[in-house]
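# Chain and residue survey
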Amino acid sequence: MTKQYDLAVIGTGPAASTVAEKIAKQGKKVAIIEQREFGGTCALRGCNPKKVLTTAAELVARMGAFSGKYISAETSDNNWSGLIKFKSEFTDHIPKSSRKSYEEKGIDTFSGTARFLDSNTIACGQSEIQCKKIFVGTGARPAPLKIPGGQHLITSDQFLEMSTLPKRMVFIGGGFIAMEFAHVAALFGCKATILQDQPHILDGFDPDLASQLMRWSIDRGIDIKTGARAKSIDGKQEEFIVEFEQDNKTGHIQCDQVVHAAGRVPNIDDLNLEKANVDSNEKGIAVDLFMRSTTNPDVFAAGDCAASGRPKLTPVANEEARVVVNNLFLDEYSEQLASPDASVIPSVAFTIPPIAAVGMSANEIDESNKQVEVHHQDTSDWNSNKKYGIQCAGHKILIDTDSNRILGAHLLGPGADETINLFALAIKFSLTASQLKSSLFVFPTFASDVRKML
Ligand SMILES: Cc1cc2nc3c(=O)[nH]c(=O)nc-3n(C[C@H](O)[C@H](O)[C@H](O)COP(=O)(O)OP(=O)(O)OC[C@H]3O[C@@H](n4cnc5c(N)ncnc54)[C@H](O)[C@@H]3O)c2cc1C
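Quantities reported herein were computed from a predicted structural model and do not represent experimental measurements. (Residues numbered from 1 in each chain as written. Predicted model: local features only at pLDDT ≥ 70, side-chain atom pairs only at ≥ 80, totals over all residues. Heavy atoms only, no water.)

## With respect to the overall build of the protein
- For the protein, the helix and strand inventory stands at 14 helices and 24 strands.
- Against the 2.2 N^0.38 benchmark of 22 Å for 454 residues, the protein shows a C-alpha radius of gyration of 23 Å, consistent with a compact globule.
- Expressed along its principal axes, the backbone C-alpha trace of the protein runs to roughly 65 × 65 × 45 Å.
- Looking at the 454 residues of the protein, the share that counts as buried comes to 50%.
- Here the analysis covers contacts within the protein between residues at least 6 apart in sequence; of these, 62% occur between residues at least 24 apart. (Helix = DSSP H or I, 4+ residues; strand = E, 2+ residues; numbered from the N terminus. Rg over C-alpha atoms; globule rule 2.2 N^0.38 Å. Buried < 20%, exposed > 50% of the residue type's maximum accessible area, 1.4 Å probe, protein only. Contact = heavy atoms within 4.5 Å.)

## Overview of the sheet that holds strand β9 (residues 191-196)
- With parallel pairing, the 4 strands of this open sheet are ordered in space as β10-β9-β8-β14. Across the chains shown, the open sheet's two edge strands, defined by having one partner strand only, are β10 (223-226) and β14 (257-260). The average angle at which neighbouring strand axes cross in this sheet is 15°, direction not considered.
- Both strand β8 (residues 168-172) and β9 contribute to a ladder of 5 bridges, which runs parallel. Residue pairing across strands places M169 opposite A192, the latter belonging to β9. (Pairing = 2+ DSSP bridges. Axes fitted to C-alpha atoms, helices over the stretch in contact; angles between N-to-C directions.)

## As for the environment of N327
- On the secondary structure map, N327 appears in helix α9 (residues 314-327).
- Take N327: its relative accessible area is 1%, and that puts it in the buried class.
- The spacing of N327 and F290 is 37 residues in sequence and 7.0 Å in space, taken between C-alpha atoms.
- Ignoring any residue separated from it by four or fewer positions in sequence, one finds N327 in contact with F290, F300, Q336, L337 and A338.

## Digging into the environment of K22
- Counting through the fold element by element, K22 comes out in helix α1 (residues 14-25).
- Residue K22 is classed as partly exposed on the basis of its relative accessible area of 47%.
- With 232 residues separating them in the primary sequence, K22 and Q254 have C-alpha atoms 51 Å apart.

## Let's talk about the site of the ligand
- In the neighbourhood of the ligand, 38 residues make up the surrounding shell, with E34, T41, K50, A114 and D304 lying closest.
- Contact distances for the ligand include 3.4 Å between an oxygen atom and a backbone N or O atom of C42.
- Residue A114 places a main-chain N or O atom 2.9 Å away from a nitrogen atom belonging to the ligand.
- Relative to its free-state accessible area of 1,000 Å², the ligand is covered by the protein chains to the extent of 96%. (Near = heavy atom within 4 Å. Polar contact = N/O pair within 3.5 Å; in protein donor to acceptor, adjacent residues only side chain to side chain. Areas by Shrake-Rupley, 256 points an atom, 1.4 Å probe, with all protein chains shown as cover.)

## Quick notes on the side chain of S217
- Position of S217 among the secondary structure elements: in helix α8 (residues 207-219).
- Classification of S217 by relative accessible area gives buried; the value is 1%.
- Those residues within four positions of S217 in sequence are excluded, and the remaining contacts are M179, H183, I222 and I224.

## Section: the pattern of salt bridges
- Enumeration over the complete set of coordinates arrives at 24 salt bridges.
- The salt bridge involving K87 is made with E161; its shortest N-O contact spans 3.0 Å. Taken together, the residues span a long stretch of sequence, with K87 in helix α4 (residues 80-91) and E161 in the loop between α6 (156-159) and β8 at a distance of 74 residues.
- Linked through salt bridges whose partners overlap, the residues forming this network are R36, E37, R45 and D157. (Salt bridge = Lys/Arg side-chain N within 4 Å of Asp/Glu carboxyl O.)

## A look at the packing of aromatic side chains
- Counted under the stated rule, the structure contains 9 aromatic pairs.
- Look at F159 and F171: their rings are 5.9 Å apart centre to centre, the planes differ by 65°, and that puts the pair in the edge-to-face class. In this pair, F159 is assigned in helix α6 and F171 in strand β8, connecting sequence segments 12 residues apart. Both residues of the pair, F159 and F171, belong to the buried class.
- Taken together, the aromatic side chains of W80, F159, F171, F181 and F188 make up a single cluster linked through ring pairs.
- The positively charged end of R62 is found above the aromatic ring belonging to Y388, 3.7 Å away from the centroid.
- The ring of W382 has K452 sitting right over it, with the charged end atom 4.0 Å from the ring centre. (Phe/Tyr/Trp six-rings, centres within 6.5 Å; stacked < 30°, edge-to-face > 60°. Lys NZ or Arg CZ within 6 Å of the ring centre and 35° of its normal.)

## A short note on the nonpolar core
- Within the largest apolar cluster, 48 residues are counted, with the highest numbers of intra-cluster contacts made by V9, V19, F116, I122, I134, F135 and V136.
- Mapped by element, the contributors of at least two residues to this core are β1 (2-10), α1, β2 (30-34), β4 (114-118), β5 (121-124), β6 (127-136), β18 (299-301) and α9.
- When residues of this core are assigned to their parent elements, the largest contribution, 6 residues, is made by α1.
- Beyond its immediate sequence surroundings of up to four residues, F135 is in contact with L7, A8, V9, I10, A15, A16, V19, F300, A301, A302 and V324.
- Within the second largest apolar cluster, 46 residues are counted, among which are V184, I222, A357 and I390. (Core = buried A, V, L, I, M, F, W, Y, C linked by side-chain atoms within 4.5 Å.)

## Focus on helix α5 (residues 94-104)
- For α5, the complete set of buried residues consists of I94, S98 and Y102. In an axial view of α5, the angular spread of the buried residues amounts to 65°, which keeps them on one side of the axis. Of the exposed residues in α5, the ones pointing more than 90 degrees away from its buried face are K96, K100 and E104.
- Buried residues in α5 make contact with α1, β2, α2 (40-45), α4 and β3 (108-111).
- Taken from the residues just after α5, G106 is the one with a positive phi, measuring 85°. (Arc of directions from axis to C-beta.)

## What to know about the packing of α1 against α9
- One can describe the packing of α1 onto α9 by two numbers: an axis separation of 8 Å at closest approach and a directional angle of 30°. One element, α1, and the other, α9, form an angle in the roughly parallel class. Judged by the twist between their axes, the crossing of α1 over α9 is right-handed. From α1, P14, A15, T18, V19, K22 and I23 reach across to α9, where they touch T314, A317, N318, A321, R322, V324 and V325.
- Here the contact of α1 with α9 is composed, by residue class, of 8 nonpolar, 3 polar and 2 charged. (Parallel < 35°, antiparallel > 145°, perpendicular 65-115°, else oblique. Left-handed = near helix turned anticlockwise from the far one by under 90°. Nonpolar A, V, L, I, M, F, W, Y, C, P; charged D, E, K, R; others polar.)

Spelled out as structure tokens, the structure:
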């Protein structure tokens, strides 16, 4: 059956839902297609359910810190299945309610894998969707990890669904997903090991603060092996043996579960992009400044599946989608075509405690030959952190010597995930360190520590 639309939207994550809803609101006829449950990664298998787990893990850490001091909670008896059930309260209703919400807005919904038949036609099961414009928001999926025994790996999707917590887990990868999950698992009583093939963990965050966090994590029982490449997984009866190579030596770890957290790739293989003359590479769909396919002006892409060069995060997907909404139905050379405003993108790994970054890194400053003041300090013994019960904290703030403008801010410690937003504002609006220091913040809050950092 063939149906006609102004716009076909592929995917239902943050990018796709923004585009579909806003264009439908303009009175255009929109179809939306999803191959899994409606809702996308962030809401169902990413940011939101993950934050339920990291918030719980932080609670366990804080109770552990104060147990015997002024509370008598027994933290060794945590209820993992209760936590996963609680997490479901945030996710289970989404597929049904989001599909219903599209339909109430006049958007036609299709279940199945979308693929291009030609430049303006999408097939989904038995349906053919003919449309003037197409938006691709198909997100990302775990990168293939081709090692013998790779079939034993579970992904972040399955980690978030585990009804029982294995006693021993190995996380392959040293990025934010591996570190966050290892902290959660460890605080709930699992022996967690990280195998990171790179020399450092948490690429994209300040290396000094990441090392401080790494030492703290190791002291709390997480085994972090850097420069350690997973070679194979052997599935024995009740356990797995992960073979790895580190310093030219072979090692083995026995465990009950192995999690693939070693990077994600754009989810574009099923789309038959070549049928619509849409160019792509290993980073995703090739897009221009306006989020438009470089080879087909009727096709736009945003979020994790677009090769935009920006970090793969939900606020970035939303911002790119906002631009797509503006550009979709403009003329090819219209002066009103807009580009994403993504000059300042804060990022956080929700480890316990969190680590955060915004603006330039110390490395980028070195390469730029700018003269900077570097305010780097271990603040683990500051009262705010002691009161909170998590004494692992520090900052590195980079201030331009000539202009006094803040160029980069790197935070570790309780509240870093919120406080980083203040620095994002300061950098975006070119505030000087003196201006930020002159602002009064509520005391005693983590934000009030900002003045001491400058
Ligand atoms: C474990 C985890 C934790 C994360 N934590 C954070 C965080 O704390 N903060 C943050 O900002 N970001 C986080 N992210 C990243 C964030 O989830 C993504 O950047 C965001 O979801 C990207 O949105 P999107 O719209 O591009 O795609 P997605 O949300 O991935 O949605 C894409 C949708 O397209 C569907 N699809 C794919 N191919 C087809 C097809 N051919 N036909 C039909 N449908 C298709 C998929 O099933 C999916 O539902 C996390 C990701 C993971 C995996």
